[in-house]
Amino acid sequence: MKKALITGGAGFIGSNLADKLVEDGYDVTIVDDLSMGLISNIPDSKDIHFYEKSITDYTFMEKILIENNFDYIYLLAAIASVADTIERPYSSHLVNQEANIRILEVIRKNNLKPKRVIFSSSAAVYGNEPTLPKKETSSISPESPYAIDKFATERFVINYGKLYGINTAATRFFNVYGPKQNPHSPYSGVISIISKSLKSKETFTIFGDGEQTRDFVYIDDVVNALIILSNNDDAIHNVYNVATGHSVTLNEMINVFEKISGNHLNLKKDKERVGDIKFSKADVTALIGLGYSSNFDINDGLKKYWESL
Ligand code: UD2
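Residues numbered from 1 in each chain as written. Predicted model: local features only at pLDDT ≥ 70, side-chain atom pairs only at ≥ 80, totals over all residues. Heavy atoms only, no water.

Asker: Teacher, can you tell me more about the overall build of the protein chain here?
Answerer: The secondary structure content of the protein chain amounts to ten helices and 13 strands. For the protein chain, whose C-alpha radius of gyration is 19 Å, the value lies close to the compact-globule estimate of 19 Å for 309 residues. Across its three principal directions, the C-alpha atoms of the protein chain cover 55 × 45 × 40 Å. Taken across its 309 residues, the protein chain has 54% of its residues classed as buried. If you take every contact in the protein chain between residues at least 6 apart in sequence, the share linking residues at least 24 apart comes to 78%. Roughly 13,600 Å² of accessible area belongs to the protein chain as shown, and the carbon and sulfur atoms make up 51% of that amount. (Helix = DSSP H or I, 4+ residues; strand = E, 2+ residues; numbered from the N terminus. Rg over C-alpha atoms; globule rule 2.2 N^0.38 Å. Buried < 20%, exposed > 50% of the residue type's maximum accessible area, 1.4 Å probe, protein only. Contact = heavy atoms within 4.5 Å. Areas by Shrake-Rupley, 256 points an atom, 1.4 Å probe, with all protein chains shown as cover.)

Asker: Explain the packing of aromatic side chains here, please?
Answerer: Each aromatic ring pair is characterised by the separation of its centres together with the angle its planes make. In this structure the tally under the stated criterion is eleven aromatic pairs. Aromatic pair Y177 and F216: ring centres 6.4 Å apart, planes at 85°, arrangement edge-to-face. Highlighted residues: Y177 in strand 7 (residues 175–177) and F216 in strand 10 (residues 216–218), separated in sequence by 39 residues. As far as the burial class goes, Y177 and F216 line up, both buried. (Phe/Tyr/Trp six-rings, centres within 6.5 Å; stacked < 30°, edge-to-face > 60°.)

Asker: Which parts of the structure should I look at to understand the environment of L226?
Answerer: Position of L226 relative to the elements: it lies in helix 7 (residues 219–231). The spacing of L226 and K20 is 206 residues in sequence and 10 Å in space, taken between C-alpha atoms. With near-sequence residues (within four places) excluded, L226 lies in contact with I13, L17, Y74, I118, T171 and F173.

Asker: Would you mind going over unusual backbone geometry with me for this structure?
Answerer: Apart from glycine, the bulk of residues carry a negative phi angle, and the bulk of peptide bonds sit in the trans form. A cis geometry characterises the amide bond from L132 onward to P133, with omega recorded as -10°. Along the chain, P133 turns up in the loop between strand 5 (116–122) and helix 5 (145–164). With phi around 45°, N69 is a residue other than glycine that occupies positive phi space. Judged by relative accessible area, N69 falls into the partly exposed class, the value being 45%. Even without a glycine there, the phi angle at N111 is positive, about 55°. Take N111: it is sitting in the loop between helix 4 (89–109) and strand 5. A residue is classified by how much of its surface remains accessible, and N111, at 54% relative accessible area, is exposed.

Asker: Is there a simple way to think about the pairing of strand 6 (residues 168–173) in this case?
Answerer: Within a regular strand, the side chains alternate between the two sheet faces. Counting buried positions along strand 6 yields six of six residues, so the element is predominantly enclosed. The two faces of strand 6 match: T168, A170 and R172 on one face and A169, T171 and F173 on the other face are all buried. Where strand 5 lies against strand 6, six bridges are found, and the strand directions are parallel. Bridge pairing links S122 to F173 in strand 6. For the crossover that starts at strand 5, traverses helix 5 and ends in the parallel strand 6, the hand is right-handed. Where strand 6 lies against strand 11 (residues 239–242), four bridges are found, and the strand directions are parallel. Within the sheet, the bridge partner assigned to T171 lies in strand 11 and is Y240. (Pairing = 2+ DSSP bridges. Right-handed = clockwise from strand over helix to strand, strands pointing away.)

Asker: Honestly, the site of the ligand in this entry has me stumped. Any pointers?
Answerer: Taken together, 20 residues form the shell around the ligand, and within it S122, V190, T205, R214 and D276 come nearest. Residue Q212 places a side-chain N or O atom 2.9 Å away from an oxygen atom belonging to the ligand. The fraction of the free accessible surface of the ligand (720 Å²) that becomes covered by protein chains is 86%. Elements supplying a minimum of two residues to the shell around the ligand: helix 6 (190–200) and strand 8 (204–207). (Near = heavy atom within 4 Å. Polar contact = N/O pair within 3.5 Å; in protein donor to acceptor, adjacent residues only side chain to side chain.)

Asker: I keep staring at the side chain of S195 and nothing clicks. Help me out?
Answerer: Tracing the backbone through its elements, the reader meets S195 in helix 6. S195 gets classed as buried once you look at its relative accessible area, which sits at 4%. Setting aside anything within four residues of it in sequence, one finds S195 in contact with F257, Y305, W306 and L309.

Asker: Please clarify how the pattern of salt bridges should be interpreted in this entry.
Answerer: Where charged atoms from two side chains of opposite charge approach closely, those side chains can pair. Evaluated as defined, the whole model comprises 19 salt bridges. One salt bridge in this structure joins K196 and E202, with 3.7 Å as the shortest N-O distance. For K196, a relative accessible area of 25% corresponds to the partly exposed category. What makes E202 partly exposed here is its relative accessible area of 38%. Between D209 and K278 there is a salt bridge, with the nearest N and O atoms lying 3.0 Å from each other. Here K278 lies in the loop between strand 13 (267–270) and helix 9 (285–288) and D209 lies in the loop between strand 8 and strand 9 (213–214), a separation of 69 residues in the sequence. Relative accessible area serves as the criterion here: at 28%, K278 is assigned to the partly exposed category. (Salt bridge = Lys/Arg side-chain N within 4 Å of Asp/Glu carboxyl O.)

Asker: What's the story with the packing of helix 6 against helix 10 (residues 298–308) in this structure? I'm lost.
Answerer: Put simply, helix 6 and helix 10 touch, their axes get as near as 12 Å, and they point 55° apart. One finds that helix 6 runs oblique with respect to helix 10. Here the hand of the crossing between helix 6 and helix 10 comes out right-handed. For the pair helix 6 and helix 10, the contacting residues are I191, S192, S195, L198 and K199 in the first and I298, L302, Y305 and W306 in the second. Counted by class, the contact of helix 6 with helix 10 contains six nonpolar, two polar and one charged residues. (Axes fitted to C-alpha atoms, helices over the stretch in contact; angles between N-to-C directions. Parallel < 35°, antiparallel > 145°, perpendicular 65-115°, else oblique. Left-handed = near helix turned anticlockwise from the far one by under 90°. Nonpolar A, V, L, I, M, F, W, Y, C, P; charged D, E, K, R; others polar.)

Below you can see the structure in the form of structure tokens.
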């Protein structure tokens, strides 16, 4: 039985990945301190082993890594809110960077040989530099502590791989949406916030004119991308945008969502969010080269998401 570790496995992306790995017959260990994740996200299965621990508990992490000798390691635990990292740059750094490097150190010093270690980086690394679409080779401009830690850790992960012979890879997620994204956090993705407003008839606040664009990618595409990166050796020591390669404006997305749900969204406008990126879109040619295709455009993704709710 293949053994996988998912840090942040009670979170949005991690728990969806856990669902898929369990379905595919993996033995899955989840480490999550439940600071953002929810225990209810974790699939109920005898093949899941859940530890309510922070990845900054180095003694625990070392023990679990050595004892289990995982085949696949998914580094998804993070302080995922950009705003939160601006409030507490050092304590978030300890999670978003330091703890991940400690994991790499345990792997290096104990000569562990996982088939893959995948770190989740972010489109945030591209910052406000306006050239689109973003390729993995585009210039980067990490501006928040979040983006700086994501970029630096991504480099550590890739180069630890090259220097010490570890099979590492990294993803740069664009705007991921789908089931299990916690809509109650003010920093949650805009689509989950809108879904909550559509259901409860609460007013949704749109920041700016709604003409900002995003490359919204459905969670099933993201999980599929993680599986491809796990199984295709060409992915080793490379970083990949994970997105659809298409973008829509917020206004367009809201239109589609209203049609699908059959509900009207009560809207109010507020000023543009400080530091908001106006336009975003990924080039996913590199990931397509590994066999990926995005199966959910915004229409299909929102439909599946709404049905799941
Ligand atoms: C995404 C990531 C963030 C970081 C960033 C890098 C998510 C949830 N966040 O931020 O972690 O990687 O990309 O660029 O994926 N909006 C509203 N009303 C709301 C909430 C949001 O109008 O109540 C707008 C917001 O101002 C932005 C757009 O919707 O223009 C998308 O916001 P978001 O928070 O979902 O994602 P983003 O792209 O700011």
